[in-house]
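Residues per chain are reported as follows:
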Amino acid sequence: MSKRASLPGAEELFRKTSSPAPAESPAVAPEPVAQPAAPVPAEIRSTNLQVASPPSAAVDRKGPRHEEKVTFYCTPEDLVNLEKTRLALRAGHGLGVDRGKIVRAALAYVLEDFEARGQDSILLRKLSER
């Protein structure tokens, strides 16, 4: 038996599922005939595939969608500390969050503190140390 998965061909993936509308439509549209699905190989069935859900469902379940990307560099120690914090949040508080969510929460906190306290903010103290 081959270890390679047998996947459907392009003809099956891109086949038309409905016929074009006739010039004169009948009073009652015919019901579409269900096409039999191609059998899914066991190798593919056993994987944990995620299907994209509508944006509104993603917002309700995971929070707002972030469409902007920022890249920054950090030291290896900063990265280890961030990962330790992520693991501590999971182990000690039951929060399964990723590093990006921690960074966004910290950024929001620092910016809010700067807005509220100005000269006495944590941000200015940390930036003045360097």
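Residues numbered from 1 in each chain as written. Predicted model: local features only at pLDDT ≥ 70, side-chain atom pairs only at ≥ 80, totals over all residues. Heavy atoms only, no water.

## Describing the overall build of the protein
So, point 1. A count of helices and strands for the protein gives six helices and zero strands.
So, point 2. Going from the N terminus to the C terminus, the protein shows its helices and strands as α-α-α-α-α-α.
So, point 3. Looking at the protein as a whole, 5% of its 130 residues qualify as buried.
So, point 4. In the protein, once contacts between residues fewer than 6 apart in sequence are set aside, the share between residues at least 24 apart is 23%.
So, point 5. For the protein, the accessible surface area stands at approximately 12,500 Å², while carbon and sulfur atoms represent 58% of it. (Helix = DSSP H or I, 4+ residues; strand = E, 2+ residues; numbered from the N terminus. Buried < 20%, exposed > 50% of the residue type's maximum accessible area, 1.4 Å probe, protein only. Contact = heavy atoms within 4.5 Å. Areas by Shrake-Rupley, 256 points an atom, 1.4 Å probe, with all protein chains shown as cover.)

## What about the confidence of the model for the protein?
So, point 1. Per-chain confidence: the protein averages 77 in pLDDT, with 65% of residues scoring 70 or above.
So, point 2. The element-level mean pLDDT for the protein is lowest in helix 2 (residues 42-45), coming to 45, with helix 4 (residues 76-93) highest at 97.
So, point 3. Taken as a whole, residues 40-53 scores under 50 in pLDDT and shows eight contacts with residues more than four places along the chain or in a different chain. (pLDDT = per-residue confidence, 0-100.)

## Details of the pattern of salt bridges
So, point 1. Under the definition given, this model contains four salt bridges.
So, point 2. Between Glu 83 and Arg 86 there is a salt bridge whose closest N-O contact spans 2.5 Å. Pair noted here: Glu 83 and Arg 86 are both in helix 4, with a separation of three residues, about one helical turn.
So, point 3. For the salt bridge of Arg 99 with Glu 83, the shortest nitrogen-to-oxygen distance reads 3.7 Å. With a gap of 16 residues between them, Arg 99 in helix 5 (residues 99-117) and Glu 83 in helix 4 connect regions that are remote in the sequence.
So, point 4. By relative accessible area, Arg 99 is classed as partly exposed at 38%.
So, point 5. Judged by relative accessible area, Glu 83 falls into the partly exposed class, the value being 23%. (Salt bridge = Lys/Arg side-chain N within 4 Å of Asp/Glu carboxyl O.)

## Focus on the side chain of Ser 121
So, point 1. In this fold, Ser 121 is placed in the loop between helix 5 and helix 6 (122-129).
So, point 2. A distance of 3.3 Å separates a polar side-chain atom of Ser 121 from the backbone nitrogen of Leu 124.
So, point 3. With sequence-adjacent residues up to four places away left out, Ser 121 is seen in contact with Asp 113 and Phe 114. (Polar contact = N/O pair within 3.5 Å; in protein donor to acceptor, adjacent residues only side chain to side chain.)

## Regarding the environment of Leu 79
So, point 1. Here Leu 79 lies in helix 4.
So, point 2. Considered as a pair, Leu 79 and Arg 99 are 20 residues apart in the sequence and their alpha carbons are 9.3 Å apart.
So, point 3. Apart from residues lying up to four places away in sequence, Leu 79 is in contact with Cys 74 and Arg 99.

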